[in-house]
Amino acid sequence: MSLNARIPSGPIESRWDKTKFELKLVNPANKRKFNILVVGSGLAGASAAATLGELGYNVKCLCFQDSPRRAHSIAAQGGINAAKNYQNDGDSVFRLFYDTVKGGDFRARESNVYRLAQVSVSIIDQCVAQGVPFAREYGGTLANRSFGGAQVSRTFYARGQTGQQLLLGAYQALERQIDAGKVAMLPRTEMLDLIVIDGKARGIVTRNLVTGKIDIHMADAVILATGGYGNVFYLSTNAKGSNATAIWRAYRRGAAFGNPCFTQIHPTCIPQAGDYQSKLTLMSESLRNDGRIWVPKKQGDTRSPDQIPEAERDYYLERMYPSFGNLSPRDIASRAAKRVCDEGRGVGPGGLGVYLDFADSISRLGEKTIAERYGNLFEIYERITGENPYQVPMRIYPAVHYTMGGLWVDYHLMSTIPGLFVLGEANFSDHGANRLGASALMQGLSDGYFVVPYTIGDYLASNKLEKVDESHPEAQAAKRGIQEQTARLLEIKGKRTAASFHRELGKVMWDQCGMARNAQGLEWASERIAELREEFWSNLNVSGEAGELNQNLELAGRVADFLELGELMCHDARIREESCGGHFREEYQTPDGEAQRDDERFSHVAVWRYQGPDKPPAREEEQLTFEYVKPVQRSYK
Amino acid sequence: MKLTLNVWRQKNASSPGRMERYEARNVSEHMSFLEMLDVVNEDLIAAGQDPIAFEHDCREGICGSCGFMIDGVAHGGFKNTTVCQLHMRHFHDGDELWIEPWRASAFPVVKDLVVDRSAFDRIIAAGGYISVSTGSAPDGNAIPVRKLDADLAMDAAACIGCGACVASCPNAAAALFTGAKIFHLGHLPQGVPESRERALRMVRQANLEGFGNCTNIGECEATCPKGIRLETIAKLNRDFLMASWTERPPAETASAA
Amino acid sequence: MLGLSFYSTANGKKTVMAVTGALLWLFVVAHLAGNLQVYLGPGFLDEYGRKLRELPALLWAARAGLLILAGLHIAAALQLWALKRKARPVPYAKKVATTSTWASRIMYWSGPVLLAFIVYHLLDLTLGVVNPGYEEGAVHANLVRSFSRPATAVFYLAAMAMLWAHLSHGIWSLFQTLGFSHPKYSGPLRTAAAAIAVLLAGGNMSIVLSVLLGIIR
Ligand SMILES: Cc1cc2nc3c(=O)[nH]c(=O)nc-3n(C[C@H](O)[C@H](O)[C@H](O)COP(=O)(O)OP(=O)(O)OC[C@H]3O[C@@H](n4cnc5c(N)ncnc54)[C@H](O)[C@@H]3O)c2cc1C
Ligand code: HEM
Ligand code: HEM
Ligand code: SF4
Ligand code: F3S
Ligand code: FES
């Protein structure tokens, strides 16, 4: 099967309108005859489920948390971009498009990104109408702030809790449809397999996390909006439950995986404190608006920060990237931090940290203004570290944050399995090799509110879907497969816990497939992961039973998938012999240490297809063409 | 440091539960409370015992998954702090702690420290939204919102739905949670048209779920990790009263519509 | 029925408690004002009692009103108490109160103590059943006779402590219940409620103590 991204032709400004006009429509009276499964209730899933319910489809939505409101999107802090140009500072749809393509280091599809920028405007309107309490100016109009990788102020925010407020907006819209009987919500339910019948996605197999019951759900189309897989690194800023299981099982059923190795390392996280640590906490990028990043000029300088005079400090981002300074894009800022720490100039325990200092802003704007802008972030920091950032500079270090890779989708957000749509962070996304801040929320809501409700209608209207039910042999076989896997995990009765495998996998991934990668390390990591996987299946210890709430069993299933995905990531990173965005291969850098793209050989999406349990996956390429933004060496100097 | 934990263990909703004692050894002061429990659990698994089930996800105080009573206080009783944000440096070597799930008939225990809070979702489903379907919104700046109102709405919207308010309330009332949503939406011009029906429907649903009645004790406000204020409960009462006094019989509303 | 569906919600009952509670509170204020005449000398109280009795329609209307208010207040309290019991069937092994006041947490028994007090009080000063030597119309003498018995005086004092507790939370609480709350006024309101409760309970106590100490004879 060859890849067809279904990118419309014509001038980029009219491509989405043209597509919408050409899409087939489902007669309103017929909509309720179609069953749609939405897996995930984050920004992408909740917005899609609510909108499809409003349109009249029969929707079933599931999430593994106890309530759809707890999806990981809730944790996003900083904000959401939109090309509103309310600040009159020269923003436009084209500029947002341009910034996103450039920020992604020319590894994203132009048409998708343009649509995203277009739709961004409607997202803000929709969210305001839903009651999202965005920050306001005294005159009552919406306020904006700036974010990394942009020179205009286009980020809308709700204090430090933008993701929470946007998600609550979508969640409330979803609950409204649940009350209206249009959406059935299944919380505490985990998707464990995809049912493919006659080449089309027709259902899923789930486990009820309270009773352990394995169920089949059939549908006319399946939407995956299950978020990112950053937890393959064990320590990340993602929620503990975030996982790759849904997309990985879909991959094994034939959905192609795009750019698995594209990972974003966020520059501003609270450094790790010990081995027992279970996750890393992000300090929003918005802090870089008023905080200055520095390290001592001297190596191994152990003086406390207030003892280090101005002249002996290196504000390295301001020095290296004068025009963007502290607001340089994430990949660049992360790498710069790693570089100064590798030079032995890092601060704090183990020398893995840099200062994010607010002293200047506090003296310029006053503590009150700073507290108004970042009060809750400062509180979070103090709670975790026990240090008061109003007095002592914060210590930060990069951490895994976001995965640009994901299931490959076409312009309609459909995967290579017809009838399987993938939204939000779960798809390989519009962010290329690096995502700009405040763009994931935009993409999730764009996909869910404004794209998939149209494109899924076209799929349903233009395909004749046979009636199938649970008794179908494919459905039964998938269910049996899951029952067997569950039993197998419980039967090993070895010595090591799932968490210990996860931690070890994470370390391998972070060391070899993290901020800087090289061929040798990646090859070693692939082998090591294969060994680890073997040990997992022979020495795992899962307590408890299948027929009960068993958090250990849930984790074991997720780790099993991470152990396969990790290897694919290393493989993909090994083959992409260039540096771009968050993918930094040490062999490919400019003399001054910047990422060196190879547009000749790698101006494409790497698309991986599963070939069977013991066979290497197949790699295909979707060529990227740039008609509107000329690929140049990305410079933020 | 070393701690003694008395933890509520209950296999599932239908079996009885009881307190059990555990020793937590090698606790570092930098650990979070949940990381301390992770370590206890790893030891339990190694010893062939069932680990303690507790709910968690974001581990940074925003998703509202975590929450249980520590020594008789919801989330442990540190200002604006969820259990997952609580660090062990607040405890001392040799402390003995009591760890129990939220207790309310509207929050039945699922297992150990995990309770079923779906009643909160049903309260929201009853009216905790603004009825605006996708695509029908005017420009974001079409309706100015007084900055103060936007800020107050945001304060109330910060609720994470953790359930600590119910757990701490001697009456097991859900007034703070319900009030927070009514206050949030009612302070924005977009939410005003529905505010009366919203109060009626949400309050009735909270009653159906079996929550108790608020007698303005204020324990909820004191233990709410998001600082939701009692003022929100007054707003709930106000909207509910106004709505009750002005509600029209169904026949009349139908003819008006 | 609109009224019934209103009352069927917990908040409806709560509103009834607030309104009846407010009126009962006003009664306590008026009653105290009447009682304080005891300091003016024996004749005043008897005269006041006689005047009241000369307006039987008003007196009985007031009594009926009080009975209805108390009835509604108590009925709603009982129903809400049952709801509270049902809402938390399994108690905590350990529960610590943080910032709430003791008075706010004991409303469900400071109220019944008041009820018990009122019953005794009626038997004592209105009907004279538990007040040996009771003389119809001799209000002042009956009062002095009753409070001179230390056991009765102590019971009255204890009941007035409960009156303080019930009102110090109740007076603030009823505003919150009726929807009045604003950061600018909430603090002062709480203080005022506590102060009013002290004045009311204190005023009543002073009479009992004055008799006990022989200041009023
Ligand atoms: C700390 C943090 C801060 C961030 N800040 C910002 C920001 O300021 N701006 C910005 O634009 N982006 C930000 N991001 C990124 C952004 O939050 C996410 O990319 C985005 O929210 C993902 O949304 P989603 O809907 O795709 O997935 P999620 O919100 O992750 O939702 C996934 C859903 O899928 C469900 N699910 C997963 N697996 C299964 C399964 N197997 N079975 C059933 N259900 C399943 C889950 O229950 C959940 O409901 C941040 C991310 C993090 C980690
Ligand atoms: C059997 C007797 C009584 C019982 C069981 C009782 C119980 C209660 C309860 C449970 C409350 C609710 C507390 C709250 O919501 O804050 C309350 C409130 C109140 N009570 Fe009573 N009470 C009784 C008698 C009285 C009497 C005799 C008075 C007058 C002196 C009184 C005055 C008040 C007031 C003013 C309130 C505040 C109303 C409110 O909070 O909404 N009560 N009572
Ligand atoms: C220590 C303080 C009090 C004193 C000295 C006192 C005194 C009296 C006296 C003398 C009477 C009889 C009046 C008459 O027969 O003409 C009376 C009646 C009554 N008192 Fe009190 N009282 C006190 C406190 C209270 C309180 C706190 C309440 C209620 C909460 C209360 C409720 C009543 C009622 C209901 C009656 C009956 C009124 C009637 O005849 O209908 N009293 N009181
Ligand atoms: S009001 Fe506070 S305590 Fe209650 S659910 Fe919301 S955040 Fe939790
Ligand atoms: S503690 Fe309970 S009584 Fe009301 S004010 Fe809070 S809900
Ligand atoms: S785990 Fe999310 S709030 Fe504690």
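Residues numbered from 1 in each chain as written. Chains lettered and ligands numbered in written order. Predicted model: local features only at pLDDT ≥ 70, side-chain atom pairs only at ≥ 80, totals over all residues. Heavy atoms only, no water.

A look at the overall build of chain A
Here's step 1: The helix and strand tally for chain A stands at 17 helices and 19 strands.
Here's step 2: Computed over C-alpha atoms, the radius of gyration of chain A comes to 24 Å, within 12% of the 26 Å expected from 2.2 N^0.38 for 637 residues, which places it in the range of a compact globule.
Here's step 3: Over its C-alpha atoms, taken along the principal directions, chain A stretches across nearly 75 × 60 × 50 Å.
Here's step 4: A burial count over chain A gives 67% of its 637 residues as buried.
Here's step 5: Of the accessible surface of chain A, which amounts to about 21,100 Å², a share of 49% is contributed by carbon and sulfur atoms.
Here's step 6: Between the averaged position of the 76 positive side-chain charges in chain A and that of its 77 negative side-chain charges there is a distance of 3 Å. (Helix = DSSP H or I, 4+ residues; strand = E, 2+ residues; numbered from the N terminus. Rg over C-alpha atoms; globule rule 2.2 N^0.38 Å. Buried < 20%, exposed > 50% of the residue type's maximum accessible area, 1.4 Å probe, protein only. Areas by Shrake-Rupley, 256 points an atom, 1.4 Å probe, with all protein chains shown as cover. Lys, Arg positive; Asp, Glu negative; His and termini not counted. Charge placed at Lys NZ, Arg CZ, Asp CG, Glu CD.)

Some points on the packing of aromatic side chains
Here's step 1: Applying the stated criterion across every chain yields a total of 39 aromatic pairs over all chains.
Here's step 2: Between Phe-501 of chain A and Phe-536 of chain A the ring centres are 5.3 Å apart and the planes differ by 75°, which places this aromatic pair in the edge-to-face class. Taken together, the residues Phe-501 of chain A in helix 14 (residues 498-513) and Phe-536 of chain A in helix 15 (residues 519-539) connect sequence positions 35 residues apart. Per residue, the accessibility class of Phe-501 of chain A equals that of Phe-536 of chain A, and both read buried.
Here's step 3: Plain terms: the ring middles of Trp-102 of chain C and Trp-109 of chain C are 6.5 Å apart, the flat faces sit at 80° to each other, and that makes the pair edge-to-face. (Phe/Tyr/Trp six-rings, centres within 6.5 Å; stacked < 30°, edge-to-face > 60°.)

A few points about the coordination of the iron atom of ligand 3
Residue and element names in this part refer to chain C.
Here's step 1: Coordination of the iron atom of ligand 3 by the protein comes from His-31 (NE2) and His-121 (NE2), over a distance range of 1.9 to 2.0 Å.
Here's step 2: Classification of His-31 as partly exposed rests on a relative accessible area of 30%.
Here's step 3: Of the residues examined, His-121 reaches a relative accessible area of 17% and is grouped as buried. (Donors = N, O, S within 2.8 Å, 3.2 Å for Na, K, Ca; no water.)

Considerations on a nonpolar patch on the surface
Residue and element names in this part refer to chain C.
Here's step 1: Together, Val-19, Leu-23, Leu-26, Val-29 and Leu-178 give the surface a local cluster of nonpolar side chains, amounting to about 380 Å² of exposed area.
Here's step 2: As for its placement among the helices and strands, Leu-23 is situated in helix 2 (residues 10-35).
Here's step 3: For Leu-23, a relative accessible area of 39% translates into the label partly exposed. (Patch = residues over 30% accessible without salt bridge, like charges linked within 9 Å, V, L, I, M, F, W, Y side chains within 5 Å. Salt bridge = Lys/Arg side-chain N within 4 Å of Asp/Glu carboxyl O.)

Here's the deal with the site of ligand 5
Here's step 1: Near ligand 5, the surroundings consist of Cys-169, Asn-171, Ala-173, Cys-214, Thr-215, Asn-216, Ile-217, Gly-218, Glu-219, Cys-220, Leu-230 and Ile-233 of chain B.
Here's step 2: Grouping the amino acids of the shell around ligand 5 by side-chain chemistry returns 7 nonpolar, 4 polar and 1 charged. (Near = heavy atom within 4 Å. Nonpolar A, V, L, I, M, F, W, Y, C, P; charged D, E, K, R; others polar.)

Notes on the interface of chain C and chain B
Here's step 1: Facing the 41 residues of chain C at the interface are 45 residues of chain B.
Here's step 2: Summed over both sides, the interface of chain C with chain B buries roughly 3,500 Å², with 54% coming from carbon and sulfur.
Here's step 3: At the surface where chain C touches chain B, the tally comes to 1 salt bridge.
Here's step 4: One salt bridge connects Asp-71 of chain B with Lys-94 of chain C, and the closest N-O pair in it is separated by 3.5 Å.
Here's step 5: Summed over the shared surface of chain C and chain B, the result is 26 residue pairs in polar contact (both at pLDDT 80 or more).
Here's step 6: Secondary-structure elements contributing two or more residues to the side of chain C that touches chain B are helix 1 (2-8), helix 2, helix 4 (56-87), helix 5 (102-105), helix 8 (150-177) and helix 9 (183-212) of chain C.
Here's step 7: In the side of chain C that touches chain B, the residues fall into 18 nonpolar, 15 polar and 8 charged. (Contact = heavy atoms within 4.5 Å. Buried area = accessible area lost by both parts, 1.4 Å probe. Polar contact = N/O pair within 3.5 Å; in protein donor to acceptor, adjacent residues only side chain to side chain.)

Examining empty space enclosed by the protein
Here's step 1: Taken as a whole and judged by the stated rule, the model has 15 cavities of 30 Å³ or more.
Here's step 2: By volume, the second largest cavity amounts to about 170 Å³.
Here's step 3: Around the second largest cavity, the lining comprises 17 residues; the ones closest to its centre are Ala-175, Gly-212, Cys-214 and Leu-236 of chain B together with Asn-11 of chain C.
Here's step 4: Looking at the lining of the second largest cavity, the elements with two or more residues in it are helix 5 (175-186), helix 6 (195-208) and helix 8 (231-246) of chain B together with helix 2 of chain C.
Here's step 5: Of the residues that constitute the lining of the second largest cavity, the class distribution is 9 nonpolar, 7 polar and 1 charged. (1 Å grid on protein atoms, 1.4 Å probe; cavity = no way out; pocket = protein on both sides within 12 Å on 5 of 7 lines; lining within 4 Å. Points joined across faces, edges and corners; volume = space filled by probe spheres on them.)

Quick look at the site of ligand 1
Residues and elements named next belong to chain A.
Here's step 1: For ligand 1, the set of nearby residues contains 38 residues, the closest of which are Ser-41, Gln-65, Ser-73, Met-191 and Glu-425.
Here's step 2: Glu-425 is positioned with one of its side-chain polar atoms (N or O) 2.6 Å from an oxygen atom of ligand 1.
Here's step 3: Relative to its unbound accessible area of 1,000 Å², ligand 1 is 98% covered by the protein chains.
Here's step 4: When residues of the shell around ligand 1 are traced back to their parent elements, those giving at least two are helix 3 (43-55), strand 6 (189-197), strand 15 (394-403) and helix 12 (440-462).
Here's step 5: With 3 residues, strand 6 is the single largest residue contributor to the shell around ligand 1.
Here's step 6: Across the shell around ligand 1, the residue classes tally to 17 nonpolar, 18 polar and 3 charged.

A short note on the sheet that holds strand 5 (residues 96-100) of chain B
All names here are of chain B.
Here's step 1: With respect to topology, 5 strands assemble into an open sheet ordered 2-1-5-3-4, the strand pairing being mixed. The open sheet has two edge strands with one neighbour each: strand 2 (18-24) and strand 4 (73-74).
Here's step 2: Most of the contacts of helix 1 (residues 33-46) go to strand 1 (residues 3-9), to which it runs at about 80°, and overall it touches strand 1, strand 2, strand 3 (69-70) and strand 5. (Pairing = 2+ DSSP bridges. Axes fitted to C-alpha atoms, helices over the stretch in contact; angles between N-to-C directions.)

So, the coordination of the iron atom of ligand 2
Residue and element names in this part refer to chain C.
Here's step 1: Protein ligation of the iron atom of ligand 2 involves His-73 (NE2) and His-166 (NE2), the donor distances falling in the range 2.0 Å.
Here's step 2: One way to put it: the 6 donor atoms around the iron atom of ligand 2 meet at angles of 87 to 179°, and that makes the site octahedral. A residue pair is termed long-range when its members are at least 10 positions apart, and His-73 in helix 4 and His-166 in helix 8 qualify at 93 residues. Neither residue differs from the other here; His-73 and His-166 are each classed as buried. (Tetrahedral: all angles 85-135°; square planar, octahedral: opposite > 155°, others 65-115°.)

Section: the packing of helix 4 of chain C against helix 6 (residues 107-126) of chain C
Residues and elements named next belong to chain C.
Here's step 1: Two numbers describe how helix 4 lies on helix 6: the axes approach to 11 Å, and their chain directions differ by 150°. Between helix 4 and helix 6, the crossing angle belongs to the class labelled roughly antiparallel. Between helix 4 and helix 6 the crossing geometry is left-handed. Between helix 4 and helix 6, the contacting residues are Arg-63, Ile-74, Ala-77, Leu-80, Trp-81 and Lys-84 on the first element and Tyr-108, Leu-115 and Thr-126 on the second.
Here's step 2: A breakdown of the residues in the contact of helix 4 with helix 6 according to their chemical character gives 6 nonpolar, 1 polar and 2 charged. (Parallel < 35°, antiparallel > 145°, perpendicular 65-115°, else oblique. Left-handed = near helix turned anticlockwise from the far one by under 90°.)

Structural notes on the pairing of strand 12 (residues 292-296) of chain A
All names here are of chain A.
Here's step 1: The element strand 12 is largely enclosed, with a buried count of 4 among its 5 residues.
Here's step 2: As defined by bridge partners, strand 12 adjoins strand 14 (residues 354-357) across 3 bridges and the pair is classed as antiparallel. Within the sheet, the bridge partner assigned to Trp-294 lies in strand 14 and is Tyr-355.

A closer look at the sheet that holds strand 9 (residues 221-224) of chain A
Residues and elements named next belong to chain A.
Here's step 1: Within the open sheet, the 5 strands sit side by side as 5-2-1-9-17. Their pairing is parallel. The outermost strands of the open sheet, each flanked by one partner alone, are strand 5 (183-186) and strand 17 (420-422). Neighbour to neighbour, the strand axes of the sheet diverge by 20° on average, direction disregarded.
Here's step 2: Examined bridge by bridge, strand 2 (residues 58-62) and strand 5 share 4 bridges and lie parallel to one another.

Observations concerning the pattern of salt bridges
All names here are of chain A.
Here's step 1: Scanning the model with the defined rule gives 76 salt bridges over all chains in all.
Here's step 2: Across the pair Arg-330 and Glu-285 runs a salt bridge, and its minimum N-O distance is 2.6 Å. With Arg-330 in helix 9 (residues 330-342) and Glu-285 in the loop between strand 11 (263-269) and strand 12, the pair connects residues that are 45 residues apart, well separated along the chain.
Here's step 3: On the accessibility criterion, Glu-285 (2% relative accessible area) is buried.
Here's step 4: Across the pair Lys-368 and Glu-372 runs a salt bridge whose closest N-O atoms are separated by 3.7 Å. Here Lys-368 pairs with Glu-372, and both are found in helix 11 (residues 367-385), just 4 residues apart, close to one helical turn. Across the pair, Glu-372 and Lys-368 agree in class, each one exposed.
Here's step 5: The structure contains a network of salt bridges with shared partners spanning Asp-105, Arg-107, Arg-576, Glu-578, Arg-597 and Asp-599.

Re the packing of helix 2 (residues 118-127) of chain B against helix 5 of chain B
Describing two packed helices takes the angle between their axes plus the distance from one axis to the other.
Residue and element names in this part refer to chain B.
Here's step 1: With their axes 11 Å apart at the nearest point, helix 2 and helix 5 run at an angle of 30° to one another. Of the possible angle classes, the one that applies to helix 2 and helix 5 is roughly parallel. Of the two possible hands of crossing, helix 2 and helix 5 adopt the one that is right-handed. Contacts between helix 2 and helix 5 pair Phe-120, Ile-123 and Ile-124 from the former with Phe-177, Thr-178 and Lys-181 from the latter.
Here's step 2: Classifying every residue of the contact of helix 2 with helix 5 by side-chain character gives 4 nonpolar, 1 polar and 1 charged.

Re the side chain of Ser-111 of chain A
All names here are of chain A.
Here's step 1: Relative to the elements of secondary structure, Ser-111 occurs in helix 5 (residues 110-130).
Here's step 2: A relative accessible area of 4% places Ser-111 in the buried class.
Here's step 3: The residues contacting Ser-111, other than those within four sequence positions of it, are Ile-7, Ile-12, Arg-15 and Tyr-411.

Let's talk about the layout of surface pockets
Here's step 1: Estimated volume of the second largest pocket: approximately 1,300 Å³.
Here's step 2: In terms of lining residues, the second largest pocket is bounded by 50 residues, among which Arg-159, Ala-371, Glu-372, Arg-373 and Gly-375 of chain A are the most central.
Here's step 3: Only helix 11 of chain A together with helix 3 (147-157) of chain B provide two or more residues apiece to the lining of the second largest pocket.
Here's step 4: For the lining of the second largest pocket, the element with the highest residue contribution is helix 11 of chain A, accounting for 13 residues.

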